[in-house]
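Coordinate analysis (summary)
Residue strings, one per chain:
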Amino acid sequence: MTKINGNIQDQTCPDYTIKVSKQVADVFRQRQEDRVPRFDALRQLVELSLQSRSSEDSPSGVGTITVRISALADAWHWHRHTTKTFLEELAESGALTMEKTSGGVSLHLNCIMPATGE
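Every value quoted in this text rests on a predicted model; they were computed, and no experiment measured them.

1. Re the overall build of the protein chain
Each helix and strand in the protein chain was counted, giving 4 helices and 5 strands. Counting only residues that meet the buried cut, the protein chain has 26% of its 118 residues in that class. For the protein chain, contacts bridging at least 24 residues in sequence account for 48% of all contacts bridging at least 6. Of the roughly 8,900 Å² of accessible surface on the protein chain, 50% is carried by carbon and sulfur atoms.

See the structure below:
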């Protein structure tokens, strides 16, 4: 983005990847009781997935979580449609894979790599 005469104008930008540690993500986290920002929603999905990875007896598989869209909508203070659209956008971008199940939606986050102690 470039500032032109007090206005911000979008410019074409090449594709990129951002590596963000948990500590850096903590800096961006907003603590509010109202609607959860999209970044915090993604962060919650990442942390749920990582907790699933650390649980050896996870029934849904390594790094995969099963959630109800309505439960996420309630937790994030979003409409159910907004939540579903957000998950679909993440799936279209390749950040996650999504599959409907009898218990809700099975999500596998492709966009995370657990820290290796570097």
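2. A look at the packing of aromatic side chains
Going through the model one piece at a time under the given rule, you end up with 3 aromatic pairs. Residues tryptophan 76 and phenylalanine 86 carry aromatic rings whose centres are separated by 5.9 Å and whose planes lie at 85 degrees to one another, so their mutual orientation is edge-to-face. Of the two residues, tryptophan 76 is situated in helix 3 (residues 69–76) and phenylalanine 86 in helix 4 (residues 80–93); the sequence distance between them amounts to 10 residues. Exposure remark for phenylalanine 86: the relative accessible area of 3% places this residue in the buried category. Each residue in the set Trp76, Trp78 and Phe86 is aromatic and connected to the rest through ring pairs, giving one cluster.

3. Some details on the pattern of salt bridges
Under the definition given, this model contains 3 salt bridges. Glutamate 47 serves as the salt-bridge partner of arginine 43, at 3.0 Å between the closest nitrogen and oxygen. Taken together, the residues arginine 43 and glutamate 47, both in helix 2 (residues 38–54) and 4 residues apart, mark about one turn of the helix. We classify glutamate 47 as partly exposed; its relative accessible area is 26%. Between glutamate 88 and lysine 84 there is a salt bridge; the shortest N-O distance is 3.9 Å. Note that glutamate 88 and lysine 84 are positioned in helix 4 at a spacing of 4 residues, about one turn of the helix. Looking at glutamate 88, the relative accessible area reads 30%, which means it is partly exposed. Residue lysine 84 is classed as partly exposed on the basis of its relative accessible area, which comes to 30%.

4. Structural notes on the sheet that holds strand 5 (residues 104–109)
Ordered in space as 3-5-4, the 3 strands form an open sheet in which the pairing is antiparallel. Two strands bound the open sheet, and with one partner strand each, they are strand 3 (64–67) and strand 4 (96–101). On average, each strand axis in the sheet is inclined to that of its neighbour by 25 degrees, with strand direction left out of account. Bridge analysis of strand 3 against strand 5 gives 4 bridges, and the strand direction is antiparallel. Across the sheet, valine 67 pairs through a bridge with valine 105, a residue of strand 5.

Definitions and limits used
Residues numbered from 1 in each chain as written. Predicted model: local features only at pLDDT ≥ 70, side-chain atom pairs only at ≥ 80, totals over all residues. Heavy atoms only, no water. Helix = DSSP H or I, 4+ residues; strand = E, 2+ residues; numbered from the N terminus. Buried < 20%, exposed > 50% of the residue type's maximum accessible area, 1.4 Å probe, protein only. Contact = heavy atoms within 4.5 Å. Areas by Shrake-Rupley, 256 points an atom, 1.4 Å probe, with all protein chains shown as cover. Phe/Tyr/Trp six-rings, centres within 6.5 Å; stacked < 30°, edge-to-face > 60°. Salt bridge = Lys/Arg side-chain N within 4 Å of Asp/Glu carboxyl O. Pairing = 2+ DSSP bridges. Axes fitted to C-alpha atoms, helices over the stretch in contact; angles between N-to-C directions.

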